[in-house]
Amino acid sequence: MTTNAQAPELLRQEILAAARREGEAIIRRAQEEASAMLAQAAAEASRVRQERLNQAQAEAARRAELILATVPVEVQALRAAQVEALLESVRDAVRQRLLAREGFSYRQAIITLAAEAIGRMTGRAFVVQVSRADWTELGDSLAVEIQRSVGATSEGITVSVETAGGEDGVIVRDATGHQVWDNRLLARLDRLWPELRRQVAVQLGLVATGSQEGHRV
């Protein structure tokens, strides 16, 4: 009787023990699965992080290469701009000296400019146009002096006065007006500047001697 009376209690205890064991097993499996999932997530996160890091490094390297590739071009452009600015300053200085008639005899320059223009033209009679200020300053003998400088290449030279102001220098026409040579100082500078520019650049060491910088006009 005693044994039969204890049977339900023993069965209950066995069931509880089995339930505890099963619960513990379930918990262990859950913990193991959670640990595995956490490890897998950590590995995936590490892989993604490394992949993004590699991509960022590759993009940084690509951008660095692009920047470095532009450096020589930018340096060359900067140097060219500096050279151009320096040459323009030389041109401005020459222009100012011409306008100030500094460092040369203006009367002789007028005679030489007229004679040079006549020497480049065909014909035997020419008209030399000067500004009103130059006519007042240089006087009536200018035509005779130009004729003397030209010599036998001309039969007659007439000096005309520009009616409205005028720039320093001369404009020469043949008797028919078909040939015109503008030898005013600033026009001549503009015409000769490409070759002068090249020579100045070579002398200052801004370009190599064999460079094609500028051209003759």
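Before reading on, note that the structure itself is shown above.
None of these values were measured; they are calculated from a predicted model. (Residues numbered from 1 in each chain as written. Predicted model: local features only at pLDDT ≥ 70, side-chain atom pairs only at ≥ 80, totals over all residues. Heavy atoms only, no water.)

Asker: Provide a residue-level description of the pairing of strand 1 (residues 125–130), including the pertinent values.
Answerer: Taken together, the six bridges between strand 1 and strand 2 (residues 156–161) define a ladder with parallel strand orientation. Bridge assignment links Phe 126 to a residue of strand 2, and that residue is Ile 157. With four bridges connecting them, strand 1 and strand 3 (residues 169–174) associate as antiparallel partners. Across the sheet, the residue bridging to Val 128 is Val 172, located in strand 3. (Pairing = 2+ DSSP bridges. Helix = DSSP H or I, 4+ residues; strand = E, 2+ residues; numbered from the N terminus.)

Asker: Which residues make up the pattern of salt bridges, and what values go with them?
Answerer: Within this structure, the stated rule accounts for 16 salt bridges. Two residues, Arg 91 and Asp 190, come together in a salt bridge whose shortest N-O distance is 2.7 Å. With Arg 91 in helix 1 (residues 2–99) and Asp 190 in helix 5 (residues 185–203), this pair connects stretches of sequence that are 99 residues apart. With relative accessibility at 16%, the residue Arg 91 sits in the buried group. The residue Asp 168 makes a salt bridge to Arg 101 at a minimum N-O spacing of 3.1 Å. Note that Asp 168 is positioned in the loop between strand 2 and strand 3 and Arg 101 in the loop between helix 1 and helix 2 (106–119), a separation of 67 residues in sequence. For Asp 168, a relative accessible area of 17% corresponds to the buried category. Connected through shared salt-bridge partners, Arg 101, Asp 134, Glu 137 and Asp 168 make up one network. (Salt bridge = Lys/Arg side-chain N within 4 Å of Asp/Glu carboxyl O. Buried < 20%, exposed > 50% of the residue type's maximum accessible area, 1.4 Å probe, protein only.)

Asker: Lay out a nonpolar patch on the surface with the relevant residues and their values.
Answerer: A surface patch of nonpolar side chains, about 380 Å² in accessible area, is lined by Ile 67, Leu 68, Val 71 and Val 75. Examined against the element boundaries, Leu 68 turns out to sit in helix 1. For Leu 68, a relative accessible area of 59% gives the class exposed. (Patch = residues over 30% accessible without salt bridge, like charges linked within 9 Å, V, L, I, M, F, W, Y side chains within 5 Å. Areas by Shrake-Rupley, 256 points an atom, 1.4 Å probe, with all protein chains shown as cover.)

Asker: Mind laying out the sheet that holds strand 3, listing which residues take part and the relevant values?
Answerer: With respect to topology, four strands assemble into an open sheet ordered 2-1-3-4, the strand pairing being mixed. Lying at the two open borders of the sheet, with one neighbouring strand each, are strand 2 and strand 4 (180–184). With direction set aside, neighbouring strand axes in the sheet form an average angle of 20°. Note that strand 3 and strand 4 share five bridges and pair antiparallel. Paired with Val 170 across the bridge in strand 4 is Asn 183. Running at roughly 25° to strand 3, helix 2 makes contact with strand 1, strand 2, strand 3 and strand 4 of the sheet. Contacting strand 3 and strand 4, helix 5 crosses the sheet at an angle of about 100° to strand 4. (Axes fitted to C-alpha atoms, helices over the stretch in contact; angles between N-to-C directions. Contact = heavy atoms within 4.5 Å.)

Asker: Break down the packing of aromatic side chains for me, citing the residues and quoting the values.
Answerer: The full count for this structure, using the stated rule, is zero aromatic pairs. Its guanidinium or amino end placed over the ring of Tyr 106, Arg 101 lies 3.6 Å from that ring's centre, counting from NZ or CZ. (Phe/Tyr/Trp six-rings, centres within 6.5 Å; stacked < 30°, edge-to-face > 60°. Lys NZ or Arg CZ within 6 Å of the ring centre and 35° of its normal.)

Asker: Residue-level account of helix 5, with values.
Answerer: The end-to-end C-alpha separation of helix 5 is 23 Å, well short of the 27 Å expected for 19 residues at 1.5 Å each. In helix 5, a bend of some 60° at Trp 193 exceeds every other bend along the element, and Pro 194, a proline, comes one to four places later. Three or more residues of helix 5 are buried, namely Leu 185, Leu 189, Trp 193, Pro 194, Glu 195, Arg 197, Val 200 and Ala 201. (Expected span 1.5 Å × (residues − 1). Bend = angle between axes of the 7 residues up to and from the residue.)

In short, the description is geometric, and any link to function would need to be established separately.
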